[in-house]
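Structural overview
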Amino acid sequence: MENKNTCGAGQKDCAFRTTIGGQALIEGILMRGPQKQAIVVRNQEGGLEVREEELKLIKDKHPILGVPFIRGVFNFLGSLINGVKALMWSAEFYPEGEEEEPSRFEKWLERTFGSEALMKWIIGVAVAAGIGFSILLFIILPTLATSALLYFFPDAPMWLRNLLEGVVKLVIFFIYLVLCSRLKDIRRTFQYHGAEHKTIFCYERGLDLTVENARKMPRHHPRCGTSFLFVVIVIAVLASCVVFALPGIRDVATNPLVRILLHLVLLPIVVSVTYELNRFIGRHDNPVTRFLSAPGLWMQNFTTFEPDDSMLEVAIEALTRVLPEHEGDDTW
């Protein structure tokens, strides 16, 4: 497919920046364009399974949810739900072992709620479990670990407590990524992640969407979700340093339970600010934005790996299906 964007192939960075983004799945990729999304999965026989959907944006129904610093939380939740749905669909083509007869409980659930409603409940539980696990890993655990360490130093200043808690969060995040990258199945998913990035880079540089062209592209992309998660942690650390030092809060912020509650209250604000910051970085290419995106790019060493040609074919198919009808509709 020919792409007529004005970005030259010899440029290190591309002047054209697309809003199209994706997510790696089980042996597949979800691509989301300005009007629709496509899921492409390579099945066990080597063929491609495709699912296309027109996008229904929440801001179209409720315009206020598209306002800056409000849209971040709702877009994040929407992407999370959408990603879980796509992941579950891709998993259907790779069942674990032989399919067993549904249990009585499973049959009762389907009779009581119906298959569609039951699926919504399953997705809701999966999203809630994912959010709960993240809160446990990146809020509760660091807070309790820091409080345990500072139990022996009760007179430690608040800035030291905040700094130490931030370091613990980043260490946990780093260890989590490294451990995930060493799992065989996750590593293949991270290869598809690399294929997604390479294909989007190929499109942004104005090249034909072919395996040969995509193969030459970088696998680290500045508008990646890994960068978003990293920035969320950094912004959360900075926000806690400011808020926990305020008069009236400083005295109670030494209590670990109070700190956990305050972190939860700040979380929607942190996500909203991070969302807007990532949009700003996505729109601009200058020394400041390159500096801000550098840590997230480095983190992608653990979340993206070089894909094989079959993975690039999947990414190209997914991207091609979500390209806008009119050139420029997907420009940042």
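What counts, and where the lines are drawn
- Residues numbered from 1 in each chain as written.
- Predicted model: local features only at pLDDT ≥ 70, side-chain atom pairs only at ≥ 80, totals over all residues.
- Heavy atoms only, no water.
- Helix = DSSP H or I, 4+ residues; strand = E, 2+ residues; numbered from the N terminus.
- Buried < 20%, exposed > 50% of the residue type's maximum accessible area, 1.4 Å probe, protein only.
- Contact = heavy atoms within 4.5 Å.
- Areas by Shrake-Rupley, 256 points an atom, 1.4 Å probe, with all protein chains shown as cover.
- Salt bridge = Lys/Arg side-chain N within 4 Å of Asp/Glu carboxyl O.
- Polar contact = N/O pair within 3.5 Å; in protein donor to acceptor, adjacent residues only side chain to side chain.
- pLDDT = per-residue confidence, 0-100.

1. Things to note about the overall build of the protein chain
The helix and strand tally for the protein chain stands at eleven helices and four strands. A total of 332 residues make up the protein chain; the buried ones form 41% of that total. Sequence separation of at least 24 residues holds for 71% of the intrachain contacts in the protein chain that already meet a minimum separation of 6. For the protein chain, the computed accessible surface area is about 18,600 Å², with 63% contributed by carbon and sulfur atoms.

2. Some details on the pattern of salt bridges
Tallying each qualifying case throughout the model produces twelve salt bridges. Its salt-bridge partner being Arg-71, residue Glu-276 comes within 2.7 Å of it at the nearest N-O pair. Of the two residues, Glu-276 sits in helix α9 (residues 256–283) while Arg-71 sits in helix α2 (residues 71–91), which places them 205 residues apart along the sequence. Here Glu-276 matches Arg-71 in class, with each residue buried. A salt bridge links Glu-306 to Lys-198; its shortest N-O distance comes to 3.2 Å. Of this pair, Glu-306 sits in the loop between α10 (287–299) and α11 (309–322) while Lys-198 sits in helix α6 (residues 184–204); the two residues are 108 residues apart in sequence, bridging distant segments of the chain. The network of salt bridges with common partners includes Lys-36, Glu-52, Glu-317 and Arg-321.

3. A word on unusual backbone geometry
One non-glycine residue with positive phi stands out, namely Glu-27, at about 55°. One can find Glu-27 in the loop between β1 (21–25) and β2 (28–32). The class of Glu-27 is buried, set by a relative accessible area of 16%. If you check the backbone angles, Phe-69 has positive phi at about 70° while not being a glycine. As for its position among the elements, Phe-69 is in the loop between α1 (58–61) and α2.

4. Observations regarding the side chain of Gln-191
Following the sequence through the fold, Gln-191 ends up in helix α6. A polar atom in the side chain of Gln-191 sits 3.0 Å from the backbone oxygen of Glu-306.

5. Details of the confidence of the model for the protein chain
Scored by pLDDT, the protein chain comes out at a mean of 87, with 89% of its residues at no less than 70. Of all the helices and strands in the protein chain, helix α3 (residues 104–113) carries the lowest mean pLDDT, 66, while α11 carries the highest, 98. Scored below 50 in pLDDT, residues 1–12 shows 26 contacts in the model against residues more than four places distant or in partner chains.

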